[in-house]
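Report on the structure
Residue strings, one per chain:
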Amino acid sequence: MILKIVQVGEPVLRQVARPLSEAEIRSAEIRRLIGLMWETMRDAPGVGLAAPQVGEPIQLLVIEDREEYQRILAPERLAEREREPVPFHVLANPIIMSTDESARLFFEGCLSLPGFVALTERHAAVRVSGLNEHAEPVTIEARGWYARILQHETDHLQGHLYVDRMLSRSFMHESQYRRHWQEHSVSELCAALGLEATGC
């Protein structure tokens with residue numbers, strides 16, 4: 001069963017989600033929701049999905065960056081993004097902390113605002129602590145694209161969207177991004193779009 005992904009403007013996307021208790025995380029209801037979120041994320045397809053995106057105001061997210069999603073990018077673009085496959089996993093009540101505050105600027109999109117992308121600045125590396133699907137403590141150290149996914153998804157739990165952080169001049173339709181910009185480096189993009197940002 002595929003869940004409906006709520007779209008920008010839906011109030012739940014602008015609320016701070018509530019933490020889950022350990023008992024809730026272990027419950028049949030949350031286990032079922034995790035399975036449905038995984039199916040929904042894969043169907044979209046996407047690399048992450050937060051519970052508020054399916055109308056649930058709780059601190060729960062799923063992440064998976066499959067190798068097949070990366071085949072459309074040239075090796076040099078993958079290297080620039082520090083992007084590698086990430087296996088499926090679940091995080092509840094995540095607490096995120098930057099471990100490398102140097103800026104990384106790349107295009108982001110969102111399943112709650114489909115069809116558009118924009119250059120969005122994120123920290124280069126993060127540490128995230130939280131609970132897994134068994135309510136066991138986990139700590140994740142991530143760099144590059146994985147760090148970006150974690151920052152994007154934990155933002156959802158605080159009522160933030162990438163459009164709050166984007167460089168508005170770079171906002172564009174996804175089809176135009178693929179047509180004109182996908183194969184360019186970040187420095188080339190900044191020059192072509194007339195941007196002067198930290199990550200350029």
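Further up the page is the structure itself.
Since the model is a prediction, treat every value here as computed from it, not as a measurement.

Considering the overall build of the chain
Looking only at helices and strands, one finds six helices and six strands in the chain. Oriented by its inertia axes, the alpha-carbon framework of the chain measures out at about 50 × 30 × 30 Å. Taking all contacts inside the chain whose residues are at least 6 apart in sequence as the whole, residues at least 24 apart take part in 70%. Surface summary for the chain: the accessible area is close to 9,800 Å², and the carbon and sulfur share equals 51%. For the chain, the distance from the average position of its 21 positive side-chain charges to the average position of its 29 negative side-chain charges is 3 Å.

Examining the environment of H180
Here H180 lies in helix α5 (residues 174-181). Sequence separation between H180 and Q158 is 22 residues; the distance between their C-alpha atoms is 33 Å.

Topic: the pairing of strand β2 (residues 60-65)
Across the six residues of β2, six count as buried, placing the element largely inside the fold. In β2, alternate side chains face the same way, and those of L60, V62 and E64 on one face and L61, I63 and D65 on the other are all buried. In this sheet, β2 lies alongside strand β1 (residues 48-50) in antiparallel orientation, the contact comprising three bridges. By the bridge assignment for β2, A50 is matched with L61.

Details of unusual backbone geometry
Here A44 and P45 are connected by a cis peptide whose omega angle stands at -15 degrees. Note that P45 resides in the loop between α2 (28-43) and β1. A positive phi angle, close to 50 degrees, is found at E82, a residue other than glycine. The class of E82 is partly exposed, set by a relative accessible area of 32%. For A135, which is not glycine, the phi dihedral falls at a positive 65 degrees.

Topic: helix α6 (residues 186-193)
Buried within α6 are the following residues: V186, L189, C190 and L193. On an axial view of α6, the arc spanned by its buried residues comes to 100 degrees, and they lie on one face. Turned more than 90 degrees off the buried face of α6, the exposed positions are A191 and A192. Buried residues belonging to α6 abut α3 (75-81), β3 (86-108), β4 (116-131) and α5.

Criteria and cut-off values
- Residues numbered from 1 in each chain as written.
- Predicted model: local features only at pLDDT ≥ 70, side-chain atom pairs only at ≥ 80, totals over all residues.
- Heavy atoms only, no water.
- Helix = DSSP H or I, 4+ residues; strand = E, 2+ residues; numbered from the N terminus.
- Contact = heavy atoms within 4.5 Å.
- Areas by Shrake-Rupley, 256 points an atom, 1.4 Å probe, with all protein chains shown as cover.
- Lys, Arg positive; Asp, Glu negative; His and termini not counted.
- Charge placed at Lys NZ, Arg CZ, Asp CG, Glu CD.
- Buried < 20%, exposed > 50% of the residue type's maximum accessible area, 1.4 Å probe, protein only.
- Pairing = 2+ DSSP bridges.
- Arc of directions from axis to C-beta.

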